[in-house]
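# Structural overview for review
Next come the chains, spelled out residue by residue.
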Amino acid sequence: TRKAAGRRPMAFLLEDTTCLDFTHHDRCEGLGPICHKARMRGLHQHNVLAVDPVTRRPLGLLYQRNHRRTPRAAGSHGNRAGRRALPREERESYWWIEAIRAVGTPPAGARWVHVGDRGEDLFGVYDEARRQGVDWLIRASQDRCVETRGGAGRLFAYARSLPSRAQRTITVRRKPSGALEDVMLCVAGGPVTLLPSRGEAEYRGCEPVRCWVVRVWEPSPPKGVEPLEWLLCTSLPCGTRKDLLFVAEGYAFRWMIEEFHKCEKTGCQVEMRRLEHVDRLEPLIALLSVLAIGLLQLKFVAREHPEAPARSLFDPSMIEAMARYLNQPAAKLTVGQFWGGIGRLGGHPGRKGDGPVGWLRAWRGWQSFQLILLGADLYRTEKRKRCG
């Protein structure tokens, strides 16, 4: 993955934490609490997924670590002073900094952009990214003290005072059962200097961080509906309309890591594994994560480029087996047909009104396909000439 990300002029590194719930696996040792209720046990998995922003294709995992949260006293979650009294390396906010440090500096000629949600909006993250020579694109959650061309102020007020310089349209579903609708959004941006937090002793002496703040918002929401709004901090240039739209659309890549988590849990069923110690569980989780990346790549290529030849992703033996299963010529088999075959093996009817292949059926189909490949390999082995 590092080589693939380093060969491209730019790669987006999507960073996020997800909970792996093993509460009902009573015999597994080495787990920790995963919420404020002590009875829920599991792991907090921190991932960095590399994505090519040009082809919109996931490249693979650059980093993964499973954290075990230590039990905390009731009511301590909202105690900011208590959290800051802990050494920096023992705080959960340090997970983001640790991941950026582990990924490190990109090779010459490459530009890596760490993309994160509001959980990554930490001054330590910006400082570490600056030290590692990488860029960032992070959704803001802290109304920080900032310096602007007009003097000192607050981040949110400054961002909301910027005039619109571009527009883009997105398709959203405001409610889970609601209809899809097209929404026109305005985009604005301006340079800003983030000041180090005075409440955190580790960063009081740090240099301020110069970057851009980008606001994406819905100017005319329907009556009674909360308007859409994103406030983004980024080190990427935003001086032109094209740059602003690239940043606004680039943050949308973050949802790809949510798809990875769905594939890992629903498809590969990581949380259903029943090994009896975390030391045994983690290698299996790592292996299933790599398989989840393969399925994620196949799904996105099948969706974005269904007519791409299957030989661009798979070796000849896999193409031949799937072509025979689908009764299609192997030389003309496409990625879209291959993905449809995986869904069909998993129980997806594939009719027009059946919708896309879900992760559970994709995983079942992939497992069935592995059995087909095994049978084909055994058949070829039997047909080989034996000596002696």
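Below is a summary of the structure that appears in this document.

Rules used in this analysis
- Residues numbered from 1 in each chain as written.
- Predicted model: local features only at pLDDT ≥ 70, side-chain atom pairs only at ≥ 80, totals over all residues.
- Heavy atoms only, no water.
- Helix = DSSP H or I, 4+ residues; strand = E, 2+ residues; numbered from the N terminus.
- Buried < 20%, exposed > 50% of the residue type's maximum accessible area, 1.4 Å probe, protein only.
- Contact = heavy atoms within 4.5 Å.
- Areas by Shrake-Rupley, 256 points an atom, 1.4 Å probe, with all protein chains shown as cover.
- Lys, Arg positive; Asp, Glu negative; His and termini not counted.
- Charge placed at Lys NZ, Arg CZ, Asp CG, Glu CD.
- Axes fitted to C-alpha atoms, helices over the stretch in contact; angles between N-to-C directions.
- Parallel < 35°, antiparallel > 145°, perpendicular 65-115°, else oblique.
- Left-handed = near helix turned anticlockwise from the far one by under 90°.
- Nonpolar A, V, L, I, M, F, W, Y, C, P; charged D, E, K, R; others polar.
- Core = buried A, V, L, I, M, F, W, Y, C linked by side-chain atoms within 4.5 Å.
- Pairing = 2+ DSSP bridges.
- Salt bridge = Lys/Arg side-chain N within 4 Å of Asp/Glu carboxyl O.
- Phe/Tyr/Trp six-rings, centres within 6.5 Å; stacked < 30°, edge-to-face > 60°.
- Lys NZ or Arg CZ within 6 Å of the ring centre and 35° of its normal.

### Quick notes on the overall build of the protein chain
A count of helices and strands for the protein chain gives 11 helices and 12 strands. Residues classed as buried in the protein chain amount to 45% of the 388 residues present. Long-range contacts, defined as pairs at least 24 residues apart, comprise 62% of the intrachain contacts of the protein chain with a sequence gap of at least 6. For the protein chain, the accessible area works out to roughly 20,700 Å², and carbon and sulfur atoms hold 52% of it. Between the mean site of the 62 positive side-chain charges and the mean site of the 42 negative ones, the protein chain shows a separation of 4 Å.

### Some words on the packing of helix α8 (residues 278–304) against helix α10 (residues 335–345)
With their axes 8 Å apart at the nearest point, α8 and α10 run at an angle of 125 degrees to one another. Our classification of the angle between α8 and α10 gives oblique. In this structure, α8 meets α10 at a crossing whose hand is left-handed. Between α8 and α10, the contacting residues are Leu295, Leu298, Lys299, Val301 and Ala302 on the first element and Val335, Gly336, Phe338, Trp339 and Ile342 on the second. Split into classes, the residues belonging to the contact of α8 with α10 amount to eight nonpolar, one polar and one charged.

### Examining the nonpolar core
Leu14, Leu49, Phe338 and Phe369 are the most contacted members of the largest nonpolar core, which has 71 residues in total. Considering every element that reaches this core, the biggest residue donor is α8, with 12 residues. Apart from residues lying up to four places away in sequence, phenylalanine 369 is in contact with Met318, Ala321, Met322, Phe338, Ile342 and Leu345. Within the second largest apolar cluster, 42 residues are counted, among which are Phe123, Val125, Val134 and Val213.

### What about the pairing of strand β9 (residues 166–172)?
Burial of β9 is one-sided: the residues Ala166, Arg168, Ile170 and Val172 facing one way are buried, the residues Gln167, Thr169 and Thr171 facing the other way are not. As paired elements, β9 and strand β10 (residues 181–194) share seven bridges and run antiparallel to each other. Looking across to β10, one finds that alanine 166 is bridged to valine 187.

### Concerning the pattern of salt bridges
According to the stated counting rule, one finds 22 salt bridges in the structure shown. Linking aspartate 52 and arginine 8 is a salt bridge whose minimum nitrogen-to-oxygen distance equals 2.7 Å. Of this pair, aspartate 52 sits in strand β3 (residues 41–52) while arginine 8 sits in the loop between α1 (2–6) and β1 (10–21), placing them 44 residues apart in sequence. Residue classification places arginine 8 among the partly exposed positions, given a relative accessible area of 25%. Here glutamate 320 makes a salt bridge to arginine 324, at a shortest N to O gap of 3.5 Å. With glutamate 320 and arginine 324 both in helix α9 (residues 316–326) and four residues apart, the pair spans about one turn of that helix.

### A look at unusual backbone geometry
Not every positive phi belongs to a glycine, and arginine 56 is a case in point at roughly 60 degrees. Position of arginine 56 among the secondary structure elements: in the loop between β3 and β4 (57–67). Here the phi dihedral of glutamine 269 falls at roughly 55 degrees; this positive angle occurs in a residue that is not glycine. Note on placement: glutamine 269 falls in the loop between α7 (255–267) and α8. Residue glutamine 269 is classed as partly exposed on the basis of its relative accessible area, which comes to 25%.

### Describing the side chain of histidine 348
Relative to the elements of secondary structure, histidine 348 occurs in the loop between α10 and α11 (359–383). If sequence neighbours within four positions are ignored, histidine 348 has contacts with Gly343, Asp354, Gly355, Pro356, Val357 and Arg361.

### Quick word on the packing of α7 against α8
A pair of packed helices is captured by two measures, namely the crossing angle of their axes and the spacing between those axes. At a minimum axis separation of 9 Å, α7 and α8 run at an interaxial angle of 120 degrees. The angle between the axes of α7 and α8 places the two elements in the oblique class. In this structure, α7 meets α8 at a crossing whose hand is right-handed. Contacts between α7 and α8 involve Met256, Glu259, Phe260, Cys263 and Glu264 from the former and Ile285, Ser289, Ala292, Ile293, Leu295, Leu296, Lys299 and Phe300 from the latter.

### A short note on the packing of aromatic side chains
Inspection of the entire model under this criterion finds eight aromatic pairs. Aromatic pair tryptophan 339 and tryptophan 359: ring centres 6.4 Å apart, planes at 75 degrees, arrangement edge-to-face. With tryptophan 339 in helix α10 and tryptophan 359 in helix α11, this pair connects stretches of sequence that are 20 residues apart. For the pair formed by tryptophan 339 and tryptophan 359, the shared burial category is buried. Between tryptophan 366 and phenylalanine 369, the ring centres sit 6.2 Å apart and the planes meet at 50 degrees, which makes this aromatic pair tilted. Residue tryptophan 366 and its partner phenylalanine 369 are located together in helix α11, separated by three residues, close to a single helical turn. Pair check on accessibility: tryptophan 366 and phenylalanine 369 agree, each one buried. Grouping aromatic residues by their ring pairs yields a cluster made of Phe314, Phe338, Trp366 and Phe369. Over the ring of tryptophan 217 we find arginine 215; its NZ or CZ atom is 4.1 Å from the centre of that ring.

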